[in-house]
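# A closer look at the structure
Below are the chains, spelled out letter by letter.
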Amino acid sequence: MVKMAKSVTFSTSSSTSNLSSHPSFTSLASFNSLPASPLSQPFSQSMMEEALESAELIIKKWDPNSQSYTKIISLFRHSRKQAKEFIRCVRDLRKAMHFLVSQDSKSDKLVLAQSLMQIGMSTLEKEFFQILSSNRDHLDPDSTSVQSTISSNSEFEVYMENDDDEYDELKKAGESISQVEKASALVMSDLKVIAETMISCGYGKECIKSYKLIRKSIVDEGLHLLGIEKVKTSQFQKMDWGVLEHMIKNWVKAAKIGVTTLFKGEKLLCDHVFSASVTIGQSCFNQIAKEAGLNLFRLPELVAHKEKKQHHHERIFKLLDLYAAISDLWPDIEMIFSFDSLASVKTLVLSTLKKLKESIHTCLKEFETMIHKDSSKEISPEGGVHKLTRTTMSFISSLSVYSRVLSVYSRVLSEILTEHPLKRNSRLLESYFTAPILEDEHVNNQACSVHIAWLILVFLCKLDTKAESYNDVSLSYIFLVNNLQFVIDTVCSSQLKNLIGDDWLTKHKAKLKSYAEKYEKAAWTNVFVSLPAKTSAKLSPEEATTCFKRFHAAFAGAYLKQSSCIIVDAKLRDDLKVSIARKLVPEYREFYEKYLPMLRQDRNIEMLVCFKPDNLENYLSDLFHGTPMLSGSSHSAASASLSSPSCFSIRCGKH
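Residues numbered from 1 in each chain as written. Predicted model: local features only at pLDDT ≥ 70, side-chain atom pairs only at ≥ 80, totals over all residues. Heavy atoms only, no water.

### With respect to the overall build of the protein
From N to C terminus, the protein includes 27 helices and zero strands. Looking at the protein as a whole, 50% of its 655 residues are labelled buried. Put simply, of all contacts in the protein between residues at least 6 apart along the chain, 82% involve residues at least 24 apart. Looking at the protein as shown, the accessible area adds up to about 32100 Å², and 52% of this sits on carbon and sulfur atoms. (Helix = DSSP H or I, 4+ residues; strand = E, 2+ residues; numbered from the N terminus. Buried < 20%, exposed > 50% of the residue type's maximum accessible area, 1.4 Å probe, protein only. Contact = heavy atoms within 4.5 Å. Areas by Shrake-Rupley, 256 points an atom, 1.4 Å probe, with all protein chains shown as cover.)

### A look at the packing of helix α19 (residues 446-467) against helix α21 (residues 496-528)
Relative orientation of the contacting elements α19 and α21 amounts to 25°, with a least axis distance of 10 Å. The angle between α19 and α21 places the two elements in the roughly parallel class. You can see that α19 and α21 cross each other, and the crossing is right-handed. For the pair α19 and α21, the contacting residues are Ser449, Ile452, Ala453, Ile456, Leu460 and Asp464 in the first and Leu496, Leu499, Ile500, Trp504, His508 and Tyr515 in the second. Taken together, the residues of the contact of α19 with α21 sort by class into nine nonpolar, two polar and one charged. (Axes fitted to C-alpha atoms, helices over the stretch in contact; angles between N-to-C directions. Parallel < 35°, antiparallel > 145°, perpendicular 65-115°, else oblique. Left-handed = near helix turned anticlockwise from the far one by under 90°. Nonpolar A, V, L, I, M, F, W, Y, C, P; charged D, E, K, R; others polar.)

### Remarks on the nonpolar core
Residues Phe128, Tyr211, Trp251, Phe274, Trp524 and Phe555 are the most contacted members of the largest nonpolar core, which totals 181 residues. It is helix α14 (residues 316-336) that provides the largest number of residues to this core, a total of 13 residues. Excluding anything up to four places from it in sequence, Phe274 contacts Phe128, Ala195, Ile199, Cys207, Ile208, Tyr211, Ile280, Gly281 and Cys284. (Core = buried A, V, L, I, M, F, W, Y, C linked by side-chain atoms within 4.5 Å.)

### Brief notes about the packing of aromatic side chains
Given two aromatic rings, their pairing is described by the distance between the two centres and the angle made by the two planes. Taken as a whole and assessed by the stated rule, the structure comprises 24 aromatic pairs. Centre to centre, the rings of Phe285 and Phe337 are 6.4 Å apart; their planes meet at 40°, and the pair counts as tilted. Separated by 52 residues along the polypeptide, Phe285 in helix α12 (residues 278-296) and Phe337 in the loop between α14 and α15 (343-373) bring together distant segments of the chain. With respect to class, Phe285 is no different from Phe337; both count as buried. Put simply, the rings of Trp524, Phe551, Phe555, Tyr559, Tyr588, Tyr592, Phe611 and Tyr619 pair up and form one aromatic cluster. (Phe/Tyr/Trp six-rings, centres within 6.5 Å; stacked < 30°, edge-to-face > 60°.)

### Things to note about unusual backbone geometry
Positioned with a positive phi, Phe624 is a non-glycine residue whose angle comes to about 65°. With respect to the helices and strands, Phe624 occurs in the loop between α25 (613-621) and α26 (635-643). Judged by relative accessible area, which is 0%, Phe624 ranks as buried.

### Notes on the packing of α15 against α19
Two numbers describe how α15 lies on α19: the axes approach to 9 Å, and their chain directions differ by 15°. Judged by the inter-axis angle, α15 sits roughly parallel to α19. By crossing handedness, the relation of α15 to α19 is classed as left-handed. Every residue of α19 that contacts α15 at Leu364, Phe367, Glu368, Ile371, His372 and Lys373 is listed here: His451, Trp454, Leu455, Val458, Phe459 and Lys462.

### Concerning the side chain of Asp321
Along the chain, Asp321 turns up in helix α14. Given the relative accessible area of 14%, Asp321 is considered buried. Beyond its immediate chain neighbours, meaning those up to four positions away, Asp321 contacts Val252, Tyr402 and Tyr409.

### Considerations on the confidence of the model for the protein
Residues of the protein with pLDDT of at least 70 account for 76%, and the chain-wide mean is 79. Throughout residues 1-40 the model reports pLDDT below 50, and contacts reaching past four residues in sequence, or to other chains, amount to 60 contacts. (pLDDT = per-residue confidence, 0-100.)

### Comments concerning the pattern of salt bridges
Tallying each qualifying case throughout the model produces 22 salt bridges. Across the pair Arg215 and Glu266 runs a salt bridge whose closest N-O atoms are separated by 2.8 Å. Taken as a pair, Arg215 in helix α9 (residues 204-225) and Glu266 in helix α11 (residues 241-273) lie far apart in primary sequence, 51 residues in all. As far as burial versus exposure is concerned, Arg215 and Glu266 are alike and both buried. One salt bridge in this structure joins Arg589 and Asp614, with 2.9 Å as the shortest N-O distance. Of the two residues, Arg589 is situated in helix α23 (residues 570-595) and Asp614 in helix α25; the sequence distance between them amounts to 25 residues. Residue Asp614 is classed as exposed on the basis of its relative accessible area, which comes to 51%. Through salt bridges with shared partners, a single network forms among Lys216, Asp220, Lys230 and Glu291. (Salt bridge = Lys/Arg side-chain N within 4 Å of Asp/Glu carboxyl O.)

Shown next as structure tokens:
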């Protein structure tokens, strides 16, 4: 608190140097540089004496060092009317001191005025501290944000100009604001008028000491309640990524509240209270918010610089979350931490955004590298969807959601990919992919479209390599059919469809059809050619018998081999069965009906002609479910089983 001079007396012959040694006199030299509007009015001898008389009566009454009851009660809480009079006396006393300095700097009245001013400042400092400490709820960030929009003027000033005992200091705020908001506005008004008065009298340092002490603790406590804690780099680097994901999720929520409510509210309160001096307001807010601001943005900085580990590319989505959150908050950050003294906070944020961008691009590069370098030899024996297909398309489809739906993510991905365009195999990509024409609001997403198409192309090339691992050509095509169908389904059911377009889908559906046709050719050609051509001459009984045996062996072999295969997609599975049946059943039916009568006299006809035409479709219906008919049997054993009378009676007799 302001210290009173306990026994200071000045004679009329005292020198100016004696007076200048008094703490409050140093403020007199700066009076001429203060706002002149309230002091430019004419001030006479009589007005000076009246101001001194009123000040001595009212200011001494509230002397915090007196033995009066006023020592233990709050002036502003006790009587706002007396608070108004006190403020008016202090301001008039200041004018009187200006007058005395200009008339007679050695006057005893100036010594008296100086003493009264010290008492007044001590009282206001006490009031300032009490209002701050006892009204924390009314000065919470939400309240200060609301009140900043109600009025930029001091509501207490409205009261100062109103002589009516029945006053409404918040009249201009309207009746819509709540009682809590009115109370908050009143507290802010009191703080402002005290700060303005103390600053104008040269006691700004004493004023902001209390303010910084209390408000800094509130900001620090606010960050603590939001879950923002200081983290050491050494501890951070040891944290598991799963733990960090949870921390990042909480940080994104906390940062929005911290910036838009806590810091913004504190800035508005500080600007309001210290509107009389921008310099003091800046200095005060700097000391309150600088350390806390650096602490708030420490986590994203650490995440951006975290050492690489396995599955580094999977970090991209949390990095995007951080980048998007900070980018969204940047206009507020720039406004709140606008002073040069707070430049370190903005510098930290900007450097973090830059590093996050670099890390996001690194993740994309590492994802592509991961596809290229995947050396897993593990493949599905039935030609099903590979694990790499699922993980790759899951990552790419998630990336498409970020690049298409959420504008902030879209912007950062587009920026990164535009800054780092594809350089390798550009001709291959151009022949493979034509970027779709996007709506106006997504015109910048072309870079995302091209890059995602490139990643899918890289992956499909890897699939071709994986397919070569199968010894059986037909099974390799089953593998390609299943995996390409999975890719197409993922594209159709996600934002990828909008990003890479209908042209891409048309091309790859045609490619899928081509794989299916090549599978049929590789797996069933021997069956198709086992029957004689329609243009050939009529067969003898012996030749017909040979054809039946050849067809039986070819179909049994193909069926037993293909029964272990799987087609995951139900429609594709049925379409492939129908396609095979249309090529096979009519041809066999014609042959069967033409030559079976010729062989009816043969005693072994049941063993010779195992398959009826209507029965072939029933065999084909069992295909592509991944359930081999005779697991573990050799091909010859399986063929013998299908050729036996018991097999014929079980498989054919029911139909």
